[in-house]
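Fold and geometry: a report
So the chains spell out like this:
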Amino acid sequence: METSLYIHVPFCAGTCDYCDFYSVLVTPQGAQSEDPRLQRYIEKLLSQAGRLFDTYKPSLLPTLYIGGGTPSVLGPAGILRLLRGLSQITSRHCPPPTEVTIEANPESADEAFLAAAREGGATRLSLGVQSFHGPSRRAAGRTGAGGPLLRRRLALAGEYFPAAFSGDIMSGLPFQTERVLLDDIGTLLGYSPAHVSLYALTLEPQTPLALAARPSLPHPDEADRLWLRGRDALETSGYSQYEVSNFCLPGQESRHNIRYWRIQNWLALGPGSSATIIGDTAAARVQGARYTVPPDVDRWLTGEPPDTLFDVEELDTPTLVKETFLMGFRYIEGPDEALFHRRFGLSIGDVIPKTLAAWRDRGLLRKDRAALTKDGLLFLGPFLIDVFRELDDSPLYRR
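Thresholds, definitions, all that
- Residues numbered from 1 in each chain as written.
- Predicted model: local features only at pLDDT ≥ 70, side-chain atom pairs only at ≥ 80, totals over all residues.
- Heavy atoms only, no water.
- Helix = DSSP H or I, 4+ residues; strand = E, 2+ residues; numbered from the N terminus.
- Salt bridge = Lys/Arg side-chain N within 4 Å of Asp/Glu carboxyl O.
- Buried < 20%, exposed > 50% of the residue type's maximum accessible area, 1.4 Å probe, protein only.
- Pairing = 2+ DSSP bridges.
- 1 Å grid on protein atoms, 1.4 Å probe; cavity = no way out; pocket = protein on both sides within 12 Å on 5 of 7 lines; lining within 4 Å.
- Points joined across faces, edges and corners; volume = space filled by probe spheres on them.
- Nonpolar A, V, L, I, M, F, W, Y, C, P; charged D, E, K, R; others polar.
- Phe/Tyr/Trp six-rings, centres within 6.5 Å; stacked < 30°, edge-to-face > 60°.
- Lys NZ or Arg CZ within 6 Å of the ring centre and 35° of its normal.
- Core = buried A, V, L, I, M, F, W, Y, C linked by side-chain atoms within 4.5 Å.
- Contact = heavy atoms within 4.5 Å.

Before going further, it helps to spend a moment on the environment of G120. Residue placement: G120 occurs in the loop between α3 (111-119) and β6 (124-130). In the structure, G120 is positioned 38 residues away from L82 in sequence and 8.3 Å away in space, judged by C-alpha atoms.

Here it is, written out as structure tokens:
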């Protein structure tokens, strides 16, 4: 079986006011090794990884992604222990992954951490920059001031992962103007990242930023305009949009994330993570399952058998078709048509012909394949509403 692996590290040194992901605060940055849970967490991850790989016995592991949370709070010794332990476990079953990504907060990704990550086999680094603008960072509760330290860490990232690091930028932040956003993008590009994620701020319910209803936030129309200006700036600088929020230099796409957008197999470890395993032929009835680990670090660390810590959702064919479109049309190439046919015994055109024809007539769908154009991606939500309506009315959908 071919599968990727996602490792979740839900620990953070601080909580951003816009974030609604599950996270657990640890000992303040600079003393991360003093939090006893971190070492226990690494050992539990490795123990469960051994069981997981002995169960599934994958023959190919194309990508490994360590995300969070903030994996860099594990510190240099912790990340090296985790990477080396995973390498020992996976090598019993398959060749090493060709892409190994680690997410990091620049403030905790010092030179020692970067050296340890590279020594452990990481090939790609993803840094959560968000903004260099002090007022925007403070208003959003972003850890770190965004000044000289952030710039030094980005310079180090370029040294340790040349042409192999990604930076996140957010649009629509408090106190953000067009000039602020373009300055943020220009500053980040000065460190030559291979990949940039440009995320539009979403006010999630019950987050501090949403509850505060701060007047410093741009008007929604202005926030949309800001994102478009950011997109244009990235493309003018040679970064191509290959997904709704992701841009890269030629050949520098995140291979791991592409597997999500194509609904290809991935295993996962850590509270708050989820794994998806799918049969890839119509003869197998394309039945799949999603395994979700409840977001509870304390329970996860108690030593209960791993199989009692999963919530399992069976994925039938109708659900998988919807998810294939939900994720696949985010990608600039659209859903993988060969994989779709292999799984479902149908072409995409067989399943949603009316929607494809209507959006192609509007000039928002590519003529050569079932994929939205760059402008069409701006209307992904309305497009998917049309897709799901046609699916619900189609006898082909329930074959």
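Moving on, we come to the pattern of salt bridges. Under the defined criterion, the tally for this structure stands at 18 salt bridges. Between R290 and E323 there is a salt bridge; the shortest N-O distance is 2.7 Å. Of this pair, R290 sits in strand β13 (residues 288-292) while E323 sits in helix α11 (residues 317-328); the two residues are 33 residues apart in sequence, bridging distant segments of the chain. With respect to class, R290 is no different from E323; both count as buried. The partner of D368 in a salt bridge is R366, and the shortest N-O contact between them spans 2.8 Å. Through salt bridges with shared partners, one network takes in E178, E222, R225 and R229.

Let us now look at the pairing of strand β1 (residues 4-9). β1 sits mainly inside the fold: 6 of its 6 residues count as buried. Burial of β1 is two-sided: the residues S4, Y6 and H8 facing one way and the residues L5, I7 and V9 facing the other way are all buried. Across 4 bridges, β1 lies against strand β11 (residues 266-269) in parallel orientation. Residue S4 lies in a different strand from β11, and its bridge partner there is W266. Looking at chain direction, β1 and strand β4 (residues 63-68) are connected through 5 bridges and run parallel. Each residue of the ladder has a partner; that of Y6, found in β4, is Y65.

It is worth spelling out empty space enclosed by the protein at this point. This structure, assessed with the given rule, holds 3 cavities of 30 Å³ or more. In this structure, the largest cavity encloses a volume near 50 Å³. Forming the walls of the largest cavity are R262, T324, P335, D336, L339, F340, R343 and F344. A per-element tally of the lining of the largest cavity places helix α12 (residues 337-344) first, with 4 residues. Its residues assigned to classes, the lining of the largest cavity shows 4 nonpolar, 1 polar and 3 charged.

Here the structure, examined in full by the defined rule, presents 13 aromatic pairs. Seen in terms of ring centroids, Y242 and Y331 are 6.5 Å apart; in terms of plane orientation they differ by 90 degrees. Their pairing is edge-to-face. One end of the pair, Y242, is in strand β9 (residues 240-243); the other, Y331, is in the loop between α11 and α12, with 89 residues separating them in the sequence. Across the pair, exposure class does not vary: Y242 and Y331 are buried alike. Aromatic pair W359 and F383: ring centres 5.2 Å apart, planes at 85 degrees, arrangement edge-to-face. Taken together, the positions of W359 in helix α14 (residues 353-361) and F383 in helix α15 (residues 380-393) put the pair 24 residues apart, joining distant regions of the chain. Ring pairs connect the aromatic residues F325, F329, F340, F344, W359 and F383, which therefore count as one cluster. Between the NZ or CZ atom of K44 and the centre of the ring of W300, over which it lies, the distance is 4.9 Å.

Our focus in this paragraph is the pairing of β13. When a strand is regular, its side chains alternate between the sheet's two faces. Two elements, strand β12 (residues 274-278) and β13, share 5 bridges in a ladder whose sense is antiparallel. Within β13, the residue paired with A275 across the bridge is Y291. Pairing analysis gives 5 bridges linking β13 to strand β14 (residues 311-315), with the strands arranged antiparallel. In the sheet register, G288 faces β14, and the bridge partner there is L315.

Once that is clear, we can look at the nonpolar core. Ranked by internal contacts, the top residues of the largest apolar core, which has 66 residues, are I7 and L82. The element best represented in this core is helix α1 (residues 36-56), accounting for 8 residues. Residues in contact with L82, not counting those within four places in the same chain, are I7, I42, L45, L46, I66 and L74. Core analysis: the next-biggest nonpolar cluster, separate from the first, contains 32 residues, L356, L372, L377 and L380 among them.

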